[in-house]
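# What the coordinates show
Each chain, written out:
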Amino acid sequence: RNIEGFGLSPGITKQQRIDLEKMMEKAFGTLEGPLAGKYFPLLGMDGATKQQLIDDHFLFMEGDKNLQLAGMERDWPEGRGIFHNAAKEFLVWVNEEDQLRIISMQKGGNVNEVFERLAKGIAAIEKSVATSAGKKFQLHPKYGYLHSCPSNLGTGMRASVHVHLPGWVKAGRDRLKARCEELGLQPRG
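A short tour of the structure in this document, coming up. These figures come from a predicted structure and were not determined experimentally.

## Observations regarding the overall build of the protein chain
Scanning the protein chain from terminus to terminus reveals 6 helices and 6 strands. Listing every helix and strand of the protein chain by position from the N terminus yields α-β-α-α-β-β-β-α-β-β-α-α. Whereas a compact globule of 189 residues would reach a radius of gyration of roughly 16 Å, the protein chain reaches 17 Å, a difference of no more than 12%. With 189 residues in all, the protein chain has 34% of them scored as buried. Restricting the contact set of the protein chain to residue pairs at least 6 apart, pairs at least 24 apart contribute 59%.

Structural data, given as structure tokens:
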């Protein structure tokens, strides 16, 4: 999601990015119950925290060629960070590709729980931003939620499933990629 009054990633200014991060840090502080957690700014992050976020597979990193070409990694790491709840099932990336990438995840197959947490989290963040800063998510009446990447227009939602495939690991990445292409899937991780 992106918030009104701030530029989308290719055009956001350094000061807007910093102001947005401060606003979100305040908004995260109002989350309660299972959504409550901690915000970790990338700027000044100590080595142990950084390693824990890497080990948890939460940390987004600089160096994405597409984001660099679009000017989305300017002033790295200033104005960027990661929020996660205590259970590490609800995360928000601040100022990565979009201003907010809101993520709900968990192990197992209960997709309803994941989606319910995501919906509650989005609503709680939207309410907190509106209450504390008088801002709303950027929403167009025809195109839906506005994002830096046109493929995310509309709901801006994407679903991913991670599975462990030991037989394909043994067969090798090239064979797995070829099979995924046949099935219209995209291997990651």
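## Thoughts on unusual backbone geometry
Omega for the bond connecting Trp76 with Pro77 falls within 30 degrees of zero, at 0 degrees, which places this linkage in the cis form. Positive phi, close to 60 degrees, is recorded for Asp75, a residue that is not glycine. With respect to the element layout, Asp75 can be found in the loop between helix H3 (65–69) and strand S2 (81–85).

## Observations regarding empty space enclosed by the protein
Summed over all chains, the structure comprises 1 cavity of 30 Å³ or more. Taken together, Ser9, Ile12, Arg17, Met72, Arg80, Asn95, Glu96 and Gln99 make up the full set of residues lining the largest cavity. A class-by-class count of the residues in the lining of the largest cavity yields 2 nonpolar, 3 polar and 3 charged.

## Considerations on the pattern of salt bridges
Side chains bearing opposite charge may pair, as long as their charged atoms lie close to each other. Tallying each qualifying case throughout the model produces 8 salt bridges. Of the charged contacts, one joins Lys14 and Glu78 as a salt bridge, the two residues approaching to 3.3 Å between their closest N and O atoms. Of this pair, Lys14 sits in helix H1 (residues 14–28) while Glu78 sits in the loop between H3 and S2; the two residues are 64 residues apart in sequence, bridging distant segments of the chain. For Lys14, a relative accessible area of 38% gives the class partly exposed. One salt bridge in this structure joins Asp75 and Arg17, with 3.3 Å as the shortest N-O distance. Placement of the pair is Asp75 in the loop between H3 and S2 and Arg17 in helix H1, with a sequence separation of 58 residues. With relative accessibility at 2%, the residue Arg17 sits in the buried group.

The rules behind the values
Residues numbered from 1 in each chain as written. Predicted model: local features only at pLDDT ≥ 70, side-chain atom pairs only at ≥ 80, totals over all residues. Heavy atoms only, no water. Helix = DSSP H or I, 4+ residues; strand = E, 2+ residues; numbered from the N terminus. Rg over C-alpha atoms; globule rule 2.2 N^0.38 Å. Buried < 20%, exposed > 50% of the residue type's maximum accessible area, 1.4 Å probe, protein only. Contact = heavy atoms within 4.5 Å. 1 Å grid on protein atoms, 1.4 Å probe; cavity = no way out; pocket = protein on both sides within 12 Å on 5 of 7 lines; lining within 4 Å. Points joined across faces, edges and corners; volume = space filled by probe spheres on them. Nonpolar A, V, L, I, M, F, W, Y, C, P; charged D, E, K, R; others polar. Salt bridge = Lys/Arg side-chain N within 4 Å of Asp/Glu carboxyl O.

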